[in-house]
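These are the residues of each chain, in order.
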Amino acid sequence: MFTEIIFGLVSLALSVVIYLKWKFSYWQRRKVPYLDPAIPWGTDENPFDPKRTFHDTIKDNYDELKRKGHKFGGLYLGTRPALLLVDLDVTKKIINKDFQFFSGHGLYVSKNRPALFHNLFSMDGQEWKNSRTQLTPTFTSGKMKTMFPTILNCVSPMVNHINGLDREGKVLNIKEIVACYSTDVIGSCGFGVECNSFEKPDAEFRKYGKLMLGGAPPNLTLKMLFHKCLMEFGLKKHNSIEAMMNFFDGTFKSIFKYRQENEVKRNDFVELLMEMQRKDPSVTVDQMAAHSFMIFLAGFETSATTLTFCLFELAFNRDIQQKAREDIKNVMNKHNGQLTYDGIMEMKYLQMVIDETLRKHPPGTVLNRLCNTDYKIEDTDIVIEKDTLVLVSVLGIHRDPELYPNPEKFDPERFNEENKAGRHQYAYVPFSEGPRLCIGMRFAVMQIKIALSYLLTNFEFTPDPSMPYKMTYTNSVTLGFKDNVLLNVKRLSE
Ligand code: HEM
């Protein structure tokens, strides 16, 4: 009996090893260049003891494939094969020209999940196309312009708050301050709610924003997103996510009802979504609530971290900070001392500063696509099989020394017209490219420029001596610094 148990266990262990070896030979069998996997995590880090963040791992994978001269290469996220693209022409083809074969993000959403999960980001195929077509007119520059005054109303509380801290001689935790601003903006523009995050830091919008900023590690998240059973299991364990969904669903629906009954109009996304429904009555309130939740999900953290990274870099690069301040002042002088929508569009140097921030610290470090039909890569014999995950390392591209010499240096001049013209279009993809390009790009840039215009004309920022220039990133879904960003602030005279 004992011998039989031992024999059974050994056979089981052997079968597992043989199975894993077979699984991990996928790319070799397909004659695709690959990075060596380790059993059982593949090319991924051990999720229980990660030595690097997910962002850095994929960037290092990009660097290694490029060093070896490959245009793409096979990885294993756990046991799941994924193809990482390196060559920018191949990337362009997959993200844009041959988009019809790679239209989905490859996210799994169970039909039993709340309607809020079924949003633009998770949709694929015709469903995505219909929603994207419906939503696109909501994000035009004309529509963004109508929201400009709504965002302006969110800036004064931030400036007043910093003024108060300056008087008390306190060091600013800029991450927290811009997160409050970003919450106020997304609450006001996405849901028509005045959040007053500086006065009420424990209000629900801020609470869920914090949940997002400290989000689940990407290893877990990616596995939850791409593996059906883990998605089902993972979400059951995340009651706070369900609670967040219920909160946003309820908030949107009560505002929608109030506005309909009282014929209230306001310059925000709720009004734009209602306008969309008036044009196309087949749009349901559930769909509108899902779109509005997606605006929070996709827009809150990305904008807050970009502002944090930007102020961090400007504090360490005072000459660039001063040049950006002058650009803002010059444009405002041309517009009678006022900050206007047309004015912020004219701030060319500020735009270069934001571009360089998003190059060095892109909030979305990896783009993901699911191949929906067997696809032959041009000029090769290699076929990407249906259901294969395809990845683009935005961080890898943006820190590639061949594309950006001395990539750790913060240098907005990389984005002057001449330098931009000399680079491949896909060498800069913080908002992605092609049909799935970030729909909120204009809104994000407007919100960031408004905040920087007020902050830089009112204050001068310097790094607190306790804070190093080389910061580590956190292992959350979007890129963010692990530690607080501590800045000293000096009020500038009028
Ligand atoms: C600095 C801020 C932001 C950055 C860096 C950013 C970046 C991105 C990236 C990389 C994607 C993925 C595109 C792809 O898969 O090809 C994306 C998608 C998306 N973003 Fe943004 N984003 C930002 C702000 C916003 C804001 C403010 C909103 C909403 C108001 C927004 C809404 C969306 C939506 C809805 C999608 C999904 C689009 C689709 O699948 O069709 N984003 N964003």
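Counting from 1, residues in each chain are numbered in the order their sequence is written. With pLDDT at 70 or above as the cut-off, local features in this predicted model cover only qualifying residues; side-chain atom pairs require 80 or more to be listed or tallied, and sums for whole chains, interfaces and linings still use all residues. Side-chain descriptors were evaluated using all non-hydrogen atoms of the structure, hydrogens and water having been removed beforehand.

1. Points about the overall build of the chain
Only DSSP runs of H or I covering at least 4 residues are called helices, and only runs of E covering at least 2 are called strands; the numbering of each starts at the N terminus. Regarding its fold elements, the chain presents 19 helices and 9 strands. Principal-axis analysis of the C-alpha atoms gives the chain an extent of 85 × 55 × 50 Å. Here, two residues are considered to be in contact whenever any of their heavy atoms come within 4.5 Å of each other. Put simply, of all contacts in the chain between residues at least 6 apart along the chain, 73% involve residues at least 24 apart. Averaging the coordinates of the 63 positive side-chain charges in the chain and doing the same for the 59 negative ones gives two points 1 Å apart. Counted charges follow a simple rule, with Lys and Arg positive, Asp and Glu negative, and His plus the chain ends left uncounted. The location of each charge is read from NZ of Lys, CZ of Arg, CG of Asp or CD of Glu.

2. Examining the coordination of the iron atom of the ligand
Of all protein atoms, just one serves as a donor to the iron atom of the ligand, and that atom is Cys-438 (SG), at 2.3 Å. Position of Cys-438 among the secondary structure elements: in the loop between helix 18 (417–421) and helix 19 (441–458). In this description, a donor is an N, O or S atom within 2.8 Å of the metal centre, a cutoff extended to 3.2 Å for sodium, potassium and calcium. Water is not part of the atom list, which can make sites seem incomplete.

3. Focus: the pattern of salt bridges
In what follows, salt bridge is the name for a side-chain nitrogen of Lys or Arg lying within 4 Å of a carboxyl oxygen of Asp or Glu. On inspection of all chains with the given rule, the structure shows 30 salt bridges. For Arg-414, the salt bridge identified is with Glu-356, shortest N-O distance 3.1 Å. You can see Arg-414 sitting in the loop between helix 17 (394–398) and helix 18 and its partner Glu-356 sitting in helix 16 (residues 348–360), a full 58 residues away along the chain. For the pair shown, Arg-414 and Glu-356 are each scored as buried. For Lys-420, the salt bridge identified is with Glu-417, shortest N-O distance 3.8 Å. In this pair, Lys-420 and Glu-417 both sit in helix 18, 3 residues apart, roughly one turn of the helix. Taking relative accessible area as the criterion, Glu-417 reaches 58% and is therefore assigned exposed. We call a residue buried when its accessible area falls under 20% of the maximum for its residue type, exposed when it is over 50%, and partly exposed in between, using a 1.4 Å probe and counting protein chains only.

4. Brief notes about the pairing of strand 9 (residues 486–491)
Where strand 3 (residues 172–173) and strand 9 come together, 2 bridges link them in antiparallel fashion. Bridge assignment links Asn-173 to a residue of strand 9, and that residue is Leu-486. Two strands form a pair only when DSSP identifies at least two bridges running between them. The sheet contact formed by strand 8 (residues 459–463) and strand 9 spans 5 bridges and is antiparallel. If you follow Thr-462 over to strand 9, its bridge partner there is Asn-488.

5. What to know about the packing of helix 13 (residues 285–316) against helix 16
It is at 9 Å that the axes of helix 13 and helix 16 come closest, and there the two elements cross at 105°. In this view, helix 13 runs roughly perpendicular relative to helix 16, as classed from their interaxial angle. For the pair helix 13 and helix 16, the contacting residues are Thr-306, Phe-309, Cys-310, Glu-313 and Leu-314 in the first and Val-353, Thr-357, Leu-358 and Lys-360 in the second. When its residues are assigned to classes, the contact of helix 13 with helix 16 shows 5 nonpolar, 2 polar and 2 charged. Between the N-to-C directions of two axes lies an angle of 0 to 180 degrees, each axis being a line fitted to C-alpha atoms and, for a helix, fitted only over the stretch in contact. For classification purposes, angles smaller than 35 degrees are called roughly parallel, those larger than 145 roughly antiparallel, those between 65 and 115 roughly perpendicular, and all remaining angles oblique. As a working rule, the residues Ala, Val, Leu, Ile, Met, Phe, Trp, Tyr, Cys and Pro are called nonpolar, Asp, Glu, Lys and Arg charged, and the rest polar, with Gly in that last group.

6. Considering the sheet that holds strand 3
Where strands meet in a sheet, backbone hydrogen bonds hold them as pairs that are either parallel or antiparallel. Read from one edge of the open sheet, 3 strands run 3-9-8, paired in antiparallel fashion. A single partner strand is all that each edge strand has here, and the edge strands are strand 3 and strand 8.

7. Some thoughts on the nonpolar core
By convention a nonpolar core is built from buried Ala, Val, Leu, Ile, Met, Phe, Trp, Tyr and Cys residues, the set being connected through side-chain atoms within 4.5 Å. Core analysis: the largest hydrophobic core is formed by 142 residues, its most contacted members being Tyr-181, Phe-443, Met-446 and Phe-461. In terms of residue count, the dominant contributor to this core is helix 13 (14 residues).

8. Some remarks on unusual backbone geometry
Between Ile-39 and Pro-40 the backbone carries a cis peptide bond, its omega angle lying at 5°. Mapped onto the elements of the fold, Pro-40 is located in the loop between helix 2 (26–29) and helix 3 (54–67). For Glu-263, which is not a glycine, the phi torsion comes out positive at approximately 50°. Mapping Glu-263 onto the fold places it in the loop between helix 11 (239–262) and helix 12 (269–279). Residues other than glycine seldom take positive phi values, yet Asp-387 does so here, at roughly 75°. Here Asp-387 is to be found in the loop between strand 6 (383–384) and strand 7 (389–393).

9. Describing the site of the ligand
Whether a residue is near a molecule or strand depends on its heavy atoms: if one lies within 4 Å, it is near. The environment of the ligand is made up of 25 residues, and the closest members are His-105, Arg-132, Arg-369, Ser-432 and Cys-438. In the model, an oxygen atom of the ligand is placed 2.8 Å from a nitrogen or oxygen of the Trp-128 side chain. At 2.7 Å, a side-chain N or O of Arg-132 approaches an oxygen atom of the ligand. Secondary-structure elements contributing two or more residues to the shell around the ligand are helix 5 (125–135), helix 13, strand 4 (366–370) and helix 19. With 7 residues, the top contributor of residues to the shell around the ligand is helix 13. Its residues placed into classes, the shell around the ligand shows 15 nonpolar, 7 polar and 3 charged. Pairs of N or O atoms within 3.5 Å make up the polar contacts considered here, provided that, within protein, one atom can donate a hydrogen while the other can accept it, and that residues adjacent in sequence are counted only when both atoms are side-chain atoms.

10. Focus: the confidence of the model for the chain
As a per-residue measure, pLDDT reflects the predictor's confidence and takes values from 0 up to 100. Per-chain confidence: the chain averages 88 in pLDDT, with 92% of residues scoring 70 or above. Scored below 50 in pLDDT, residues 223–230 makes 20 contacts in the model with residues more than four places away or belonging to other chains.

11. Focus on the pairing of strand 2 (residues 80–85)
If a strand is regular, its side chains alternate between the two faces of the sheet. Of all 6 residues making up strand 2, 6 are buried, and the element is well covered by its neighbours. Where burial is concerned, the two faces of strand 2 agree: the one with Arg-80, Ala-82 and Leu-84 and the one with Pro-81, Leu-83 and Leu-85 are both buried. Remark: 2 residues form the turn of the hairpin made by strand 1 (residues 72–77) and strand 2, two consecutive strands paired antiparallel; Gly-78 in that turn has positive phi of roughly 65°. Where strand 2 lies against strand 7, 4 bridges are found, and the strand directions are parallel. Bridging across to strand 7, Leu-85 finds its partner in Val-392.

12. With respect to helix 3
Across its 14 residues, helix 3 extends 20 Å between first and last C-alpha, which sits within 8% of the 20 Å expected from 1.5 Å per residue. Downstream of helix 3 by a residue or two, Gly-69 has a phi angle that is positive, lying close to 85°. Multiply 1.5 Å by the residue count of a helix minus one, and that product is the helix's expected span.

13. Observations regarding the sheet that holds strand 4
In spatial order, the strands read 1-2-7-4; together these 4 strands make up an open sheet with mixed pairing. Edge strands, defined here as strands with exactly one partner in the open sheet, are strand 1 and strand 4. Between one strand axis and the next, the sheet turns by 30° as a mean value, whatever way the strands run. Bridge count between strand 4 and strand 7: 5 bridges; the pairing is antiparallel. Across the sheet, residue Val-366 finds its bridge partner in strand 7, namely Ser-393.

14. Re the layout of surface pockets
Site definitions follow a grid-based scheme: protein atoms alone, a 1 Å grid, a 1.4 Å probe that fits but cannot get out for cavities, and for pockets an open set with protein on both sides within 12 Å along at least five of seven lines, plus lining residues having an atom within 4 Å of a point. Grid points are joined across faces, edges and corners, and a volume is the space filled by probe spheres set on the points. The calculated volume of the second largest pocket comes to roughly 690 Å³. Taken together, 27 residues make up the lining of the second largest pocket; nearest its centre are Gln-351, Asp-355, Lys-420, Tyr-428 and Met-441. Those elements giving two or more residues to the lining of the second largest pocket turn out to be helix 15 (341–346), helix 16, helix 18 and helix 19. Its residues assigned to classes, the lining of the second largest pocket comprises 14 nonpolar, 5 polar and 8 charged.

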